[in-house]
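# Coordinates in review
Okay, here's what each chain looks like letter by letter:
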Amino acid sequence: MVYTLPQMVEVAAERFPQKDAFRCNKAAITYGQLHQQMNQLAHLLISLGVQRGDRIGVYMNRSLETAVAIYGIMQAGAAFVPLDPLAPIERIHFLLEDCGIEYLISQAAQRRKLAHLSPTKVKGIIGVKDAGDIPAFDWETVQQVEKTDRPPVNVMENDLAYIMYTSGTTGNPKGIMHTHYSGMSYAKLSASLYNLTAEDRVGNHAALHFDISTFGYFSAPYVGATTIIIPDAYTKIPASLSTLMETEQLTLWYSVPLALIQLVQRGVLEERNLQSLKWILFGGEPFPPKFLRSLMQTWPQAQFSNVYGPAEVNQCTYYHIPAIPTTDDPLPLGYIWDNTEMLILDEQDEMVAEGEIGELLIRSATRMRGYWKRPDLTEKGFFIQTKVPGMPEVFYRTGDLVRLDEDGLLHFLGRKDRQIKTRGYRVELDEVEAILITHEAVEEAAVFSFKNEEYGLLVGAAVTLKEGQNSDEQSLRNYIGQSLPQYAVPQHINITQALPRTAAGKINRKALKQQVSKI
Amino acid sequence: MNDIIIDYIKQQLLSGQVDIDLSPEEDLLGSGLIDSLGMIQLLAFIEEKFEVKVPPQDMTIENFMTVEAIGNYLERLKTA
């Protein structure tokens, strides 16, 4: 019986031992090899003292070894925690501390950042030859582990499988806890919705710390398909990316809209044959219809589909685009998928009248267990309804405002709070503001979003300085860049004498938005 | 030319990152030093600063992997 994520690899290895499970940079790992290596890694971790429920960091760029890393960790009964390789080292320190991470899987490319880790906290790093004072175990060591069978750990479907960190409102990120059950539920639901088969070749564009990656890493192994991990360099150069997509004969693509927009603009698509593509999935933020139209004309054979769902539930709706959109109206979020139900509630947690706007709440097999070590946030994030005595139904409050139209389609209308999506990443504007205000020269700070045609929403800021203090845009950006990922660092910081105010005396963020128009 | 590009990357694209001692041979793309938005900003800077137009089909990994590669490419572009 298959009820944990690594068991999916065991099954695929049984059925397709010689088939490529993952490919990256022209190298490949078969299901047979993945099966063996994940068990070897699991045995190594256990020999180091790793126990069921422990958290292990995965601090890696997009690479073949990421697959061995996550499955080996889970096979040992531990949970993997992806660490953004681009995140500032301060944030990494916070995550290691917050999550109690003692072991990391990493790679030589991270050596500069690894040098900043303390040997008193990190007990070992796997995947590198040398890590200074910290014990290191390279991949050769892993592959020399003699035991290749499943280690004797009783992993159950409701055990912790992985934790993904996302932006918090107070300046610190929060960890979303997923179990084998929620992860496998996603794999099953998505594989079924997109008719995924062992013949498919899935293009995985997202980095591991981004929940979009769970399709390539979980859903593809569930059916024995091949996932092509797009190497980091290709995610930045659309003309090379489109060549790779053609060479690898991808059948399914899933990414944030920005990656597709860049393919439209700089991917030289007219020179590529991408007829192999059957599905184009996108999610994380709205896809401007202008670019979508162009792409649908270029790849008429493919079915385009809008994916929606906060990382707390992974995915919860889908919208298969029936025809090339004729207007620039935003795409609907679509329909709730299987094993999932929704509520649309008003401020008083009462159901809204038909067709009215309210907050979307989701109850699903894919729902997270809660936020790591933050029962307060978990409680706030959940809504419990008990219709049958003793059977509480737990809904996640998405914070997204929606409307259900007469055709049963959900439409996104905005946020309840000040969270935005930029290039698919969640950013809490209040978090950026909370950090900016701690700069010694800053008196007042206002952080806001502004719109750019290609990039969608970007972060902007305006500050006033304390009397007698001096600073400039670059040093303020550097200051924020020390604690937040690059995508959350404002593209613009306007240093001004006074912030614009509304008649009521509040900071006028609308006026600030209008002052910024270009990147 | 390499120094101008390195300066721009350090000043504009690497806000607050550790060890920003950047060599012309450093892998800009694979190491995660620059994201896709940064790449576009770098391209705009190069086109303006060196008064060139980079055609989309030339914007490849081979030509933009390192500062050195960018420099070599720009030399070829100018003499072409």
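Below you will find a few notes about this structure. Just so it is clear, the structure is predicted and the values come from calculations on it, not from any experiment.

Residue and element names in this part refer to chain A. Most of strand β8 (residues 160-166) is tucked away: seven of the seven residues are buried. Of the pairings in the sheet, the one linking β8 to strand β9 (residues 174-179) comprises six bridges and is antiparallel in character. Paired with threonine 166 across the bridge in β9 is lysine 174.

This brings us to the sheet that holds strand β26 (residues 456-465) of chain A. Residue and element names in this part refer to chain A. Pairing within the open sheet is mixed, and its three strands lie in the order β25-β26-β27. The two strands at the open ends of the sheet, each matched to only one other strand, are β25 (442-452) and β27 (492-495). The average angle at which neighbouring strand axes cross in this sheet is 20 degrees, direction not considered. Sheet topology note: the β25/β26 ladder contains ten bridges and is antiparallel. Across the sheet, asparagine 452 pairs through a bridge with glycine 456, a residue of β26. Contacts from helix α14 (residues 429-436) reach β25 and β26 within the one sheet, and its direction differs from that of β25 by about 150 degrees. Together, β25, β26 and β27 form the strand contacts of helix α15 (residues 473-481), whose direction differs from that of β27 by roughly 130 degrees.

Tallied over the full model, the rule gives four cavities of 30 Å³ or more. The calculated volume of the largest cavity comes to roughly 500 Å³. In terms of lining residues, the largest cavity is bounded by 33 residues, among which Arg62, Leu86, Thr235 and Tyr425 of chain A together with Asp35 of chain B are the most central. Looking at the lining of the largest cavity, the elements with two or more residues in it are α9 (232-236) and α11 (257-266) of chain A together with α2 (36-49) of chain B. Of the residues contributing to the lining of the largest cavity, the split by class is 17 nonpolar, ten polar and six charged. Inspection of the lining of the largest cavity shows a minimum of three residues originating in each of domain 1 (5-236) and domain 3 (419-515) of chain A.

Calculation rules
Residues numbered from 1 in each chain as written. Chains lettered and ligands numbered in written order. Predicted model: local features only at pLDDT ≥ 70, side-chain atom pairs only at ≥ 80, totals over all residues. Heavy atoms only, no water. Buried < 20%, exposed > 50% of the residue type's maximum accessible area, 1.4 Å probe, protein only. Helix = DSSP H or I, 4+ residues; strand = E, 2+ residues; numbered from the N terminus. Pairing = 2+ DSSP bridges. Axes fitted to C-alpha atoms, helices over the stretch in contact; angles between N-to-C directions. Contact = heavy atoms within 4.5 Å. 1 Å grid on protein atoms, 1.4 Å probe; cavity = no way out; pocket = protein on both sides within 12 Å on 5 of 7 lines; lining within 4 Å. Points joined across faces, edges and corners; volume = space filled by probe spheres on them. Nonpolar A, V, L, I, M, F, W, Y, C, P; charged D, E, K, R; others polar. Domains from an automatic or database assignment.

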